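Each chain, written out:
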Amino acid sequence: MTTPTVETTTSDHEDGPGGVERRRFLGYVLAGTTLAVAADLSLGTPKAMAAIPSAPQISDVYDLEDLQTDAALPTSALISITIRENGTAHFEFPRAEVGQGIITSTAMIIAEELDLPVRRVEVTLAPARPELLLNQLTGGSNTTFSTYTPVRVAAALARQQLLAAAAIELGTTADRLVTIAGVVRDPLTGQSRSYGDLAVSAASQVLKTVEVALRPEKDFKVIGKPHSRLDAHDAVTGAKRFTTDLKVPNALPTMVCRAPQHQGTPKRLLNRSQILRMPGVTHVAQVPTGIAVRARTFGQCIDAVRAMRVEWNAGPADGQSDATVLKALRAAELPLVVPSTPLTQTIDVDVAFAFRSSAALETYSAIADVRPDRAEIWAGLKVPILAQQNIAQMAGLPQDKVKVHVITSGGSFGHKLFSDHALEAATISKAMGVPVKLMWHRADEPRQGRLHPMATSRVRASILAGQVVSFEQRHTSVVTDFSHGLGEILTSTADELPTGLGGYGFSQSIFLLTQQLPYNFGVVTQLLNETDGAFKTGSMRNIYSPDVAVAAELAIDQIAKALKVDPVEFRTAHLKDPRVVKVLETVAKAGRWGRRLPKGVAQGVAVHKEYKGCTAVLVELDCRPTTVNRDLGPETVTGPRVTKAVIAVDPGLVINPRGLEAQMQGGFMDGLALTLTSSCHLRDGKFLEASWDNYFYTRQWNVPPQVEVHIVDSGVTTPGGAGEAAVGTSAAAVACAYARATGRIPEMFPINHGTISFKPKTFVPPIPPAPTNGLKTAR
């Protein structure tokens, strides 16, 4: 992998809501024994502004980033930074670290304003804090965008208070003092005090409001410089602790025997006494999701699950298959309204997308200790307030009697926006009357876990006199579950109402707030319709955008072909935003767009604009028979290989270029899988895939040997969202390369979905035996 490059362009972009260099802020000095400070951004927030020459889409003016940030703003003063007597800074972050690197980037922001080494900033994850209301949801690539200014204000205020305390102790004025690496120093006398020395004297015994100025961007020493992740060493040495690593007294391993059909439910366990006599088994309980068993080891749980004889109720998708779901989607498609006429040329693209699993590397895991008067939960959660509320409701407890600890997760991809695992663990603990350490089996995830919905996406473009005069897109999807709301029970409940948020369903609102077609194509409409709520779905990484972008960018290639214009030249001529033009030009140049390639090998390019930033991706895809048909062993999918990927990203202000590069690489691997290999097959209400050996996420054999990441600096002074930025663009670029290499557009994505290259694992028992040869196969 190459080191990311940073390219600078000029921009007359005005500072947005976080354009902090031009503003001063209010903050609070909180009462306490050592210095604690918080930001107050609830007053004077500027309205969203836009100057768009053609008719804007909703997300051009107000997008999902704005919605989440505005929702969090009223409680921004309730997150605080504390200076400890040992000179370190501590910040309890009301977000979830799921591998995206926000602990490191947030520590960098604090270190910048505090003038403190990054290693002396400790960022931990806050437990569920219901007083934060809508300010404890991690999703929509929003974390840094929404917390950047509040965290900076709190850190700058801490430094200001430390300077004031040092001035008193040193008998001088604060404006004569400087801070260097956690020490306040008087340059004239040489006297100094460490932050630890000042932590107590800088503290206030009363709550008071003060004004604070932020460090000018030109003086940044930490922000914008590459920094390795603070948890990298622990991650690669196995010292990093996830939920299943925690030692909670008497919380024994627990697993669930699940139904063969998707969302099936148990009628009864036929051999309960036999299971209770099995080695290590301590408890068995029937819960809404299956039959739970608690034992001394997870291996004993697996043996017990496999031995269970259960009568099951059919799931809501009983009898359904890929074909029946697709037929229902076709019936629900909204019409394309612009007719074909003798004067216009019409370009139509119509593609479908299979179900896909959003399972992360870490399986669903949670620890629960539910008692008659209280409950305590440990889990990776992106909406801990809602988890707390739902568990309190299930257990019949007041919300303040449920304590929810947010644990670092091994991935999420939208999965942990739902508290399914935490609620299930709490339900089992309540039923058994003992603490439990729940772990889902790998086979459970694609069959009973959250899925990215099956969908169709149709595009019609009308061309008149060589110009695109209209561009219609109709996206039809199995219902996407947004019952996590904005992180608490009120907006969660709103998703279940017929009218939903603001007169639209939650799905409609999210679609409108995320989709931005960045081209001038006359009359542009992108509409969503959803149907069939029989499936357990979720907002998998980048939500609707990968599917929408694939269809749209394929159509754009077809328009360029019809007009006999080079695809890059065509895109460049029609893009609205100079920032998007720049990232496209960057990949075209770095990837040598248009270079001669062997027959069956082609380049593909795509752009995407979302989350206050933009990306472009260029790939080279080898579709030659010798590559597509190579032997990779039994039950292994084969197919084309991307041999080169060039990614350009402009996310606004970059906190950590090294972390951004990793996000782009990871997003590319997701997009690659969505287009080429990863999907779930539905047969008679059952999903065939079970575990990673037959759910074909990106493998080493189809990872491009050459990946370049170019970071484009357009002068924007606030960060945008980067966590999902590369997914849709990458999926679309690979799809465009496939169409150019083969001369056809697939009817269904991923392109291999029509072939089942594996023997499905059994549904009864629902999981395979525990491995017994680990020591022999470990290397």
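How each quantity is defined
- Residues numbered from 1 in each chain as written.
- Predicted model: local features only at pLDDT ≥ 70, side-chain atom pairs only at ≥ 80, totals over all residues.
- Heavy atoms only, no water.
- Pairing = 2+ DSSP bridges.
- Helix = DSSP H or I, 4+ residues; strand = E, 2+ residues; numbered from the N terminus.
- Axes fitted to C-alpha atoms, helices over the stretch in contact; angles between N-to-C directions.
- Contact = heavy atoms within 4.5 Å.
- Core = buried A, V, L, I, M, F, W, Y, C linked by side-chain atoms within 4.5 Å.
- Buried < 20%, exposed > 50% of the residue type's maximum accessible area, 1.4 Å probe, protein only.
- Polar contact = N/O pair within 3.5 Å; in protein donor to acceptor, adjacent residues only side chain to side chain.
- Salt bridge = Lys/Arg side-chain N within 4 Å of Asp/Glu carboxyl O.
- Patch = residues over 30% accessible without salt bridge, like charges linked within 9 Å, V, L, I, M, F, W, Y side chains within 5 Å.
- Areas by Shrake-Rupley, 256 points an atom, 1.4 Å probe, with all protein chains shown as cover.
- Domains from an automatic or database assignment.
- Buried area = accessible area lost by both parts, 1.4 Å probe.
- Phe/Tyr/Trp six-rings, centres within 6.5 Å; stacked < 30°, edge-to-face > 60°.
- Lys NZ or Arg CZ within 6 Å of the ring centre and 35° of its normal.
- pLDDT = per-residue confidence, 0-100.

1. Concerning the sheet that holds strand S8 (residues 183-185)
Taken in spatial order, the three strands make up an open sheet running S7-S8-S9, and their pairing is antiparallel. A strand with exactly one partner marks an edge of an open sheet, and here the two such strands are strand S7 (178-180) and strand S9 (192-194). Ignoring which end each strand starts from, the neighbouring axes of this sheet average 25° apart. As paired elements, S7 and S8 share three bridges and run antiparallel to each other. By the bridge assignment, Ile180 is partnered in S8 with Val183. Helix-sheet contacts for helix H4 (residues 143-170) involve S7, S8 and S9, and the interaxial angle to S8 is about 50°.

2. Here's the deal with the sheet that holds strand S25 (residues 523-531)
With mixed pairing, five strands are arranged side by side in an open sheet as S25-S24-S23-S16-S32. Where the open sheet ends on each side, the last strands, each with one partner, are S25 and strand S32 (748-749).

3. Some points on the nonpolar core
The tendency in soluble globular proteins is for nonpolar side chains to be buried side by side. Counting 72 residues, the largest nonpolar core has Phe471, Leu554, Val619, Met664 and Phe668 as its most contacted members. In contact with Phe471, other than residues within four places in its own chain, are Val459, Arg460, Ala461, Leu517, Phe521, Val523, Val524, Thr525, Ala552, Ala555, Ile556 and Ile559. Formed by 55 residues, the second largest nonpolar core is a distinct cluster that contains Val37, Leu114, Leu125 and Ile385.

4. Looking at the side chain of Arg152
Position of Arg152 relative to the elements: it lies in helix H4. Arg152 sits in the buried class, given a relative accessible area of 0%. Within the structure, the side chain of Arg152 is placed 2.7 Å from the side chain of Glu113, a separation counted as a polar contact. Side-chain polar atoms of Arg152 contact the backbone oxygen of Arg215, separated by 2.8 Å.

5. Comments concerning the pattern of salt bridges
For the coordinates displayed, the defined rule picks out 38 salt bridges. Of the charged contacts in the structure, one is a salt bridge between Lys576 and Asp60, with a shortest N-O distance of 3.7 Å. Taken together, the residues span a long stretch of sequence, with Lys576 in the loop between helix H16 (567-574) and helix H17 (578-590) and Asp60 in helix H1 (residues 58-61) at a distance of 516 residues. Of the residues examined, Asp60 reaches a relative accessible area of 18% and is grouped as buried. Between Lys612 and Asp66 there is a salt bridge, with the nearest N and O atoms lying 2.8 Å from each other. Taken together, the positions of Lys612 in the loop between strand S26 (601-610) and strand S27 (613-622) and Asp66 in helix H2 (residues 64-72) put the pair 546 residues apart, joining distant regions of the chain. Taking the relative accessible area as the measure of exposure, Asp66 reaches 8% and is therefore buried. Three or more residues are tied together by salt bridges with common partners; here these are Glu97, Arg229, Asp231 and Lys240.

6. Details of a nonpolar patch on the surface
A surface patch of nonpolar side chains, about 270 Å² in accessible area, is lined by Leu343, Leu464 and Val469. Inspection of the secondary structure assignment puts Leu343 in the loop between helix H9 (322-332) and strand S16 (345-353).

7. Looking at unusual backbone geometry
For the peptide bond that leads from Phe749 to Pro750, omega is 0°, which places it in the cis range. At the junction of Val764 and Pro765, the peptide bond is cis and its omega measures out at -5° in the coordinates. Topologically, Pro765 is positioned in the loop between S32 and helix H21 (774-777). At Asp684, a residue that is not glycine, the phi angle is positive and equals roughly 50°. Within the fold, Asp684 resides in the loop between strand S29 (682-683) and strand S30 (686-687). Judged by relative accessible area, Asp684 falls into the partly exposed class, the value being 40%.

8. Observations concerning the domain arrangement of the protein chain
Splitting the protein chain by domain gives domain 1 (23-215), domain 2 (243-316 + 364-439) and domain 3 (322-356 + 450-528 + 539-749). On the domain 3 side, the residues contacting the 16 residues of domain 2 number 17 residues. Approximately 1,400 Å² of surface area, both sides summed, lies buried where domain 2 meets domain 3, with 64% of it carried by carbon and sulfur atoms. Considering only the surface of domain 2 that becomes buried against domain 3, Leu386, Phe413 and Phe418 emerge as the three largest contributors, covering 40% of it. The interface formed by domain 2 and domain 3 contains one salt bridge.

9. Overview of the packing of aromatic side chains
Scanning the model with the defined rule gives 14 aromatic pairs in all. Over the face of the ring belonging to Phe763 we find Arg447, whose NZ or CZ atom lies 3.9 Å from the ring centre. Taking NZ or CZ as reference, Lys686 lies 5.9 Å from the ring centre of Phe763, over its face.

10. Observations concerning the confidence of the model for the protein chain
On average, residues of the protein chain score 89 in pLDDT, and 90% of them reach the 70 mark or higher. Taken together, the stretch residues 1-22 has pLDDT below 50 and engages in 52 contacts with residues farther than four places along the chain or on a different chain. Here residues 43-54 is a poorly scored stretch, pLDDT under 50, and it has twelve contacts once near neighbours within four places are set aside; other chains count.

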